[in-house]
Amino acid sequence: MICAGLVDLPDLAYNRRMFVDKPQVAPPTDSVIPPTPPTASLRSRWLRWLLTVLLAAAAITAVFYDAFVNGDGLPYLYQRVQTFVTIFLGIFIEAAPFLIAGSIVSGLIAVFVDQSAIDRYLPKAALPAALAGGAMGMVFPVCECGVVPVVRRLYEKGLPLSIGIAFLLAAPVINPIVILSTYSAFGWGSVFVGRIVFSFLIAVVVGMLFSRARPEEVLLPAVCQAHHDACCAVHDHSHHLPSAPLGQRFTQAFNLAGDDFFDMARYLIVGSMLAAGMQTLVPQSALLAVGQGPVLSVIVMQALAFILSVCSTVDAFLALAFAGTFTTGAVVAFLVFGPMVDIKSSLMFLSIFQRRVVAYLIVLPLMLSLLMGVWWNLNLGW
Amino acid sequence: MELMQRPRFQNAIKALVLLSLALFLYTRLASGTLFFYINQRFMVYTVFAIVGLVLVAISYRPRPRNAAAGEEPHSHHTLGCIGLIIVLLPVVLGVLVPPQPLGAAAMGNRELNITSQTRSVLPAAVRAAAQKDAADRTLLDWLHAFTASPDPARDYAGQPVDVIGFIYHDDRLAENEVLVNRFVVSCCVADASAVSMVVRSPDAAALPNDTWVQVQGVLQPGEWNGKSLPVIVADRVILTDLPNQPYLYP
């Protein structure tokens with residue numbers, strides 16, 4: 001079961017281009033974007049397959065070793081599978097409503113939002129743009145699953161890169177629902193304020209880092225093409241059909257929502273399986289045992305946030321359970337880093353960004369929230 | 001592959017997959033097994049998800065060509081075989097593996113909250129637990145109550161206990177001892193953590209893991225892992241059915 005997730009992972013990367021993301025628009029002749037070569041070299045592809053097979057074999061061996069050496073064989077194995085399926089379905093059932101809601105919002109944006117509005121109302125300069133992106137969550141209350149289709153659609157409408165990235169990272173925390181749930185868990189205090197301030201800061205900083213980047217270096221070709229056409233107003237490829245009857249426009253919006261859902265659900269499902277697999281195989285006590293000290297505790301809580309993949313709307317209640325065992329800096333790092341990046345959301349980023357950029361979007365928030373957590377522990381006390 | 005690419009076929013497939021996901025969620029909702037996966041307060045979101053999935057599925061219905069003056073709404077995305085299989089995985093696994101709440105098998109991998117000293121909780125929850133009658137307290141309430149006391153083993157000695165949970169045998173326990181447990185779920189089972197109390201009973205060894213029991217007894221000072229804490233000295237251990245809501249919610 002766990003291996004299924006692993007085996008599918010590289011498939012996704014290949015097949016995203018081959019099967020699913022047929023370019024939204026035909027390549028226009030006046031494009032300045034060089035076509036990205038869609039095929040990896042044969043050798044690197046073989047290498048990746050080999051790696052996947054080895055990983056899968058290692059996982060299977062670990063499961064069977066565990067079952068037959070530590071446990072009592074097949075019944076134990078079956079229970080493990082049962083636990084895995086329960087956790088996997090738990091994460092999926094929890095996230096699916098937010099994903100379908102995000103997809104529907106994305107479809108509605110595609111059909112009903114005029115792309116010139118984005119040009120008109122959003123700031124262009126790097127700092128105001130990133131600040132606006134960081135605060136946009138107050139207007140679109142979405143969690144980390146719902147935000148991904150919305151950001152992708154906004155990019156296709158020509159949203160500047162830095163705004164989108166700041167929005168993507170900040171929105172799961174900087175929105176009324178999450179602020180409220182954090183308040184009800186921690187009350188008015190340093191953790192509450194720290195979570196909001198640092199989430200906003202980190203999102204804005206990462207957003208600004210991307211303000212000089214070119215879209216073709218960051219976005220997937222299909223997203224980038226639509227983005228480029230929207231920016232340069234080559235011609236309106238969007239699904240914005242002001243002349244069509246309302247019913248037809250809604251149908252179109254829901255069609256696009258469905259396409260988004262299928263696109264993202266694959267990542268969500270593989271991500272949930274990986275998270276469930278980790279939870280079934282890796283004992284939490286192993287993680288918690290090392291989690292002391294001002295630096296290690298932060299790293300452990302970040303790892304936990306990444307593995308648990310809990311929705312940002314409720315992670316505050318979960319963090320509360322660790323508040324006694326862990327340093328305050330570590331708890332804040334959990335609350336800041338978890339919503340930005342976890343197994344399922346980072347896989348979902350692959351549907352917008354190139355793989356290299358997804359790596360940046362994991363590493364930058366990781367490093368920044370680690371710095372923040374350690375700084376917190378050393379200066380504000382454990 | 002030709003067939004896979006045809007728009008009408010694509011739309012039909014997408015609609016069917018969405019409907020099967022919606023149906024899957026609905027069956028879990030209708031049978032009450034939804035609570036095996038998520039906190040009950042998220043049930044309403046699942047209802048929204050079902051409505052959303054059905055609405056989107058309906059939008060893929062076949063439409064007559066050139067019905068209106070405008071162009072026919074169309075979709076640019078093609079769902080491939082692998083994408084299709086992945087999206088159907090929740091349904092397939094959900095059907096193949098019968099629904100069952102987390103149990104003893106998940107205990108080994110999770111943090112056990114037996115002594116509550118390390119667990120910090122909502123002050124409101126502690127107050128609420130303190131106000132409850134001793135016999136009404138759940139395992140979680142007891143843990144909350146213990147948090148408020150510097151020496152729970154002594155302070156709570158002699159109080160009557162009536163709790164429900166499943167059985168888990170831990171190697172660190174004595175022959176006549178067993179853990180009675182519930183999982184606490186704040187969001188979905190991914191964040192489940194166990195709350196447990198030590199039960200002392202002559203029947204302890206005879207109860208297999210995962211048996212659901214109602215334990216009635218009295219708290220007495222005891223020990224777990226070298227730390228002093230209250231243990232339940234059971235008067236009666238009654239076998240019960242799986243509760244409608246297997247988890248506790250903080």
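### Regarding the domain arrangement of chain B
All names here are of chain B.
Argument step 1. If you check the domain split of chain B, you get domain 1 (2-100) and domain 2 (105-239).
Argument step 2. At the boundary of domain 1 with domain 2, total buried surface from both sides reaches about 370 Å², with 46% on carbon and sulfur atoms.
Argument step 3. When residues of domain 1 are sorted by the area they lose upon contact with domain 2, Tyr37, Asn39 and Phe42 head the list and together hold 66% of the total.
Argument step 4. In this assembly, domain 1 and domain 2 are joined by zero salt bridges.
Argument step 5. Between domain 1 and domain 2 we count two residue pairs in polar contact (both at pLDDT 80 or more) in total.
Argument step 6. Tallied by class, the residues present in the side of domain 1 that touches domain 2 amount to four nonpolar, one polar and one charged.

### Structural notes on the confidence of the model for chain B
Caution is warranted with low-pLDDT regions, since their predicted coordinates should not be read in detail.
Residues and elements named next belong to chain B.
Argument step 1. Scored by pLDDT, chain B comes out at a mean of 82, with 84% of its residues at no less than 70.
Argument step 2. Scored below 50 in pLDDT, residues 66-74 makes twelve contacts in the model with residues more than four places away or belonging to other chains.
Argument step 3. This stretch, residues 115-120, has a pLDDT under 50; its non-local contacts, to residues over four places away or in other chains, come to 18 contacts.
Argument step 4. Reported confidence for the predicted complex is 0.88 by ipTM and 0.79 by pTM.

### A short note on the pairing of strand 2 (residues 160-168) of chain B
Sheet faces and side chains relate simply in a regular strand, where the side chains alternate between the two faces.
Residue and element names in this part refer to chain B.
Argument step 1. Where strand 2 and strand 5 (residues 212-224) come together, seven bridges link them in antiparallel fashion. Within strand 5, the position partnered with Pro160 by the bridge is Val218.
Argument step 2. Inspection of the sheet shows strand 2 paired to strand 3 (residues 177-184) by three bridges, in the antiparallel sense. Within strand 3, the position partnered with Tyr168 by the bridge is Leu179.

### Quick word on helix 5 (residues 126-135) of chain A
Residues and elements named next belong to chain A.
Argument step 1. Every buried residue of helix 5 is accounted for by Ala129, Ala130, Gly133 and Gly134. Buried residues of helix 5 fall within an arc of 135° about the axis and therefore sit on the same side.
Argument step 2. On the buried face of helix 5, the contacting elements are helix 7 (161-170) and helix 9 (190-209).

### Observations regarding a nonpolar patch on the surface
Residue and element names in this part refer to chain A.
Argument step 1. On the surface, a cluster of nonpolar side chains totalling about 620 Å² of accessible area is made up of Ile60, Phe64, Tyr65, Phe68, Val69 and Leu74.
Argument step 2. Examining the composition of the nonpolar patch, we find that five residues originate from one element, helix 2 (residues 42-70), more than from any other.
Argument step 3. Position of Leu74 relative to the elements: it lies in helix 3 (residues 74-112).

### A short note on the nonpolar core
Argument step 1. One finds A:Ile93, A:Tyr155, A:Phe167, A:Leu219, A:Phe353, A:Leu361 and B:Phe183 to be the most contacted residues of the largest nonpolar core, which totals 153 residues.
Argument step 2. For this core, the element with the most residues is helix 3 of chain A, which contributes 15 residues.
Argument step 3. Two domains share this core, each providing at least three of its residues, namely domain 1 (2-100) and domain 2 (105-239) of chain B.
Argument step 4. Residue contacts for A:Leu361: discarding those within four places in its chain leaves A:Ile165, A:Leu168, A:Val206, A:Phe210, A:Val341, A:Phe349 and A:Phe353.
Argument step 5. Core analysis: the next-biggest nonpolar cluster, separate from the first, contains 25 residues, B:Ala134, B:Val161, B:Val178 and B:Ile232 among them.

### Description of the pattern of salt bridges
Residues and elements named next belong to chain A.
Argument step 1. Under the criterion given, the structure shown has twelve salt bridges over all chains.
Argument step 2. Among the ionic pairs, Arg152 bridges to Asp260, the shortest N-O distance being 2.8 Å. In this pair, Arg152 sits in helix 6 (residues 147-156) while Asp260 sits in helix 12 (residues 246-281), placing the two residues 108 residues apart along the sequence.
Argument step 3. For Arg152, the salt bridge identified is with Asp263, shortest N-O distance 2.7 Å. Of this pair, Arg152 sits in helix 6 while Asp263 sits in helix 12, placing them 111 residues apart in sequence.
Argument step 4. Note on Arg152: relative accessible area 4%, which makes it buried.

The rules behind the values
Residues numbered from 1 in each chain as written. Chains lettered and ligands numbered in written order. Predicted model: local features only at pLDDT ≥ 70, side-chain atom pairs only at ≥ 80, totals over all residues. Heavy atoms only, no water. Domains from an automatic or database assignment. Buried area = accessible area lost by both parts, 1.4 Å probe. Salt bridge = Lys/Arg side-chain N within 4 Å of Asp/Glu carboxyl O. Polar contact = N/O pair within 3.5 Å; in protein donor to acceptor, adjacent residues only side chain to side chain. Nonpolar A, V, L, I, M, F, W, Y, C, P; charged D, E, K, R; others polar. pLDDT = per-residue confidence, 0-100. Contact = heavy atoms within 4.5 Å. Pairing = 2+ DSSP bridges. Helix = DSSP H or I, 4+ residues; strand = E, 2+ residues; numbered from the N terminus. Buried < 20%, exposed > 50% of the residue type's maximum accessible area, 1.4 Å probe, protein only. Arc of directions from axis to C-beta. Patch = residues over 30% accessible without salt bridge, like charges linked within 9 Å, V, L, I, M, F, W, Y side chains within 5 Å. Areas by Shrake-Rupley, 256 points an atom, 1.4 Å probe, with all protein chains shown as cover. Core = buried A, V, L, I, M, F, W, Y, C linked by side-chain atoms within 4.5 Å.

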